[in-house]
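# Structural features, examined
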Amino acid sequence: MCRPRPGWSPVTGTGRPHTGDPERGTLDKAAGENFPVAPFFLPKAWRADLMAVYGFARLVDDIGDGDLAPGGADARLLGVSAEEAENRLLLLDAFETDLNRVFDSTPRHPLLRRLQPTVRRHTLTPEPFRGLIAANRQDQLVSRYETYDDLLAYCELSANPVGRLVLSVTGTSTPERIRLSDAICTALQIVEHLQDVAEDLGRDRIYLPAEDMKQFHVQEADLATPTAGASLRALVAYEAQRARDLLNEGAPLVGSVHGRLKLLLAGFVAGGRAAIRAIAAAEYDVLPGPPKPGKVQLLREVGVTLRGEG
């Protein structure tokens, strides 16, 4: 539902595909995501449209993270020379230019051509797509967040647009559902940040608010150790509770819809709750690697969410 993050893919054995096809390679990453992108139980038309949205979100994140497939095919498609292909801001600008073509002409990149029928079918606006691009621009310019409110503003760009697109594609968007969806998406983004503290630090990014780090007496050097000390564990527990509260705030979204969409949204909420439980089970030590929930725990959380008990 929310911002994708790459994981291990059974298609290729890693988060990056071996294929030289930019479109197929990006879409293959769906198998390794932390959440179901377009599960089998959804109507075929919804699955196609959600995969089109996923393709956009995955590609813009890959540009922002420097994770494009080797060979420069994506840059060439966007009209960026090989010499400039390492310039992420330039690539993001070229990608936004191609996004604009989705709405008024014919885009160059195959993933954007795939997105165009979805945009037309559901009268989607450019704003949520531009928000995701803006988030990745911000990642090139901002690597630390002073306050929790600063982090929430980032999540407004990096995560919330995808939830809004899911509601639009499924024809269920209302102001109240958007509010609830935003709470869920922000929570999921925070959870992923907690899981990926070590990985993000390797990219010179810290998504733990600086004011909270100061409050819990956590230094940046504490994030680079093999295991977390007591102060960092307390900080992670604090941020995990914030994410849990946001998930609980957004959970009524599940009960506001019916049928297979209800199951999909329950899966998103349950995935966040199960991930938080996995973090707690690791005693909030996220440095050795991302704590991941098992399938049994995830299914248990789905049941709890569907019953409205969470």
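Presented here is a report on the structure given in the accompanying data block.

The rules behind the values
- Residues numbered from 1 in each chain as written.
- Predicted model: local features only at pLDDT ≥ 70, side-chain atom pairs only at ≥ 80, totals over all residues.
- Heavy atoms only, no water.
- Helix = DSSP H or I, 4+ residues; strand = E, 2+ residues; numbered from the N terminus.
- Contact = heavy atoms within 4.5 Å.
- Areas by Shrake-Rupley, 256 points an atom, 1.4 Å probe, with all protein chains shown as cover.
- Buried < 20%, exposed > 50% of the residue type's maximum accessible area, 1.4 Å probe, protein only.
- Polar contact = N/O pair within 3.5 Å; in protein donor to acceptor, adjacent residues only side chain to side chain.

### Focus on the overall build of the chain
Scanning the chain from N- to C-terminus turns up 15 helices and zero strands. Taking all contacts inside the chain whose residues are at least 6 apart in sequence as the whole, residues at least 24 apart take part in 69%. By element, 54% of the accessible surface of the chain is carried by carbon and sulfur atoms, the whole surface being about 13,300 Å².

### Side note on the side chain of Asn160
Relative to the elements of secondary structure, Asn160 occurs in helix H8 (residues 160-169). According to the relative accessible area criterion, Asn160 is buried, its value standing at 2%. Engagement of the side chain of Asn160 in a polar contact is seen with the side chain of Thr186, the distance being 3.0 Å. Apart from residues no more than four positions distant in its own chain, Asn160 is found in contact with Cys155, Asp182, Cys185 and Thr186.

### Things to note about the environment of Leu89
Structurally, Leu89 can be placed in helix H4 (residues 88-104). Considering only alpha carbons, one finds Leu89 and Ile63, 26 residues apart in sequence, at a separation of 8.8 Å. Those residues within four positions of Leu89 in sequence are excluded, and the remaining contacts are Arg137, Gln140 and Leu141.

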